[in-house]
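# Report on the structure
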Amino acid sequence: MAIIVAGKLTLKRGTREEFIKKSLEAVSQARMLDACKDFSVSPDPLDENRVNIFEKWIARGPLDEFRNSGPDNDSFSLVEDFDVKEYEINS
């Protein structure tokens, strides 16, 4: 069963570009994995303090493994609020 991770992060005012730059390593590492079919962090076109998150993984195990071993760059300190959900889908 594939896993979709999707949602939004509301960032501290004026930190969106910094957050996106800090996310580049995680996005790059995830996309190199066969188990990761998509991974993106995108600036919202209307809200300068928001980024949209989308990930697609082939299964729960590889997603959890990546979360436990991916880069730790303290980017979450820039987040004020988040609304991100995980969905299991048949692929």
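A brief report on the enclosed structure follows. Computed from a prediction, not measured in an experiment: that's the story for all the values here. (Residues numbered from 1 in each chain as written. Predicted model: local features only at pLDDT ≥ 70, side-chain atom pairs only at ≥ 80, totals over all residues. Heavy atoms only, no water.)

## Considering the sheet that holds strand β1 (residues 2-11)
Hydrogen bonding along the main chain pairs the strands of a sheet, whether they run parallel or antiparallel. Put simply, the test is: If DSSP finds at least two bridges between two strands, the strands pair. Strands are runs of DSSP state E lasting at least 2 residues, helices are runs of H or I lasting at least 4, and numbering of each runs from the N terminus. Axes here mean lines fitted to C-alpha atoms, for a helix over just the part in contact, with angles spanning 0 to 180 degrees between N-to-C directions. The contact rule is simple, with two residues in contact once any of their heavy atoms fall within 4.5 Å.
As summarised here, the arrangement of the 4 strands in space is β2-β3-β1-β4, forming an open sheet in which the pairing is antiparallel. Two strands in the sheet have a free side with no partner beyond their single neighbour: β2 (36-43) and β4 (79-89). The average angle at which neighbouring strand axes cross in this sheet is 10 degrees, direction not considered. For β1 and β4, the ladder comprises 10 bridges, and the chain directions are antiparallel. Each residue of the ladder has a partner; that of A2, found in β4, is I89. Helix α1 (residues 16-31) rests against β1, β2, β3 (50-57) and β4 of the sheet, and its axis sits at about 175 degrees to β2.

## Things to note about the environment of Q29
With respect to the element layout, Q29 can be found in helix α1. With 37 residues separating them along the chain, Q29 and F66 place their C-alpha atoms 8.9 Å apart.

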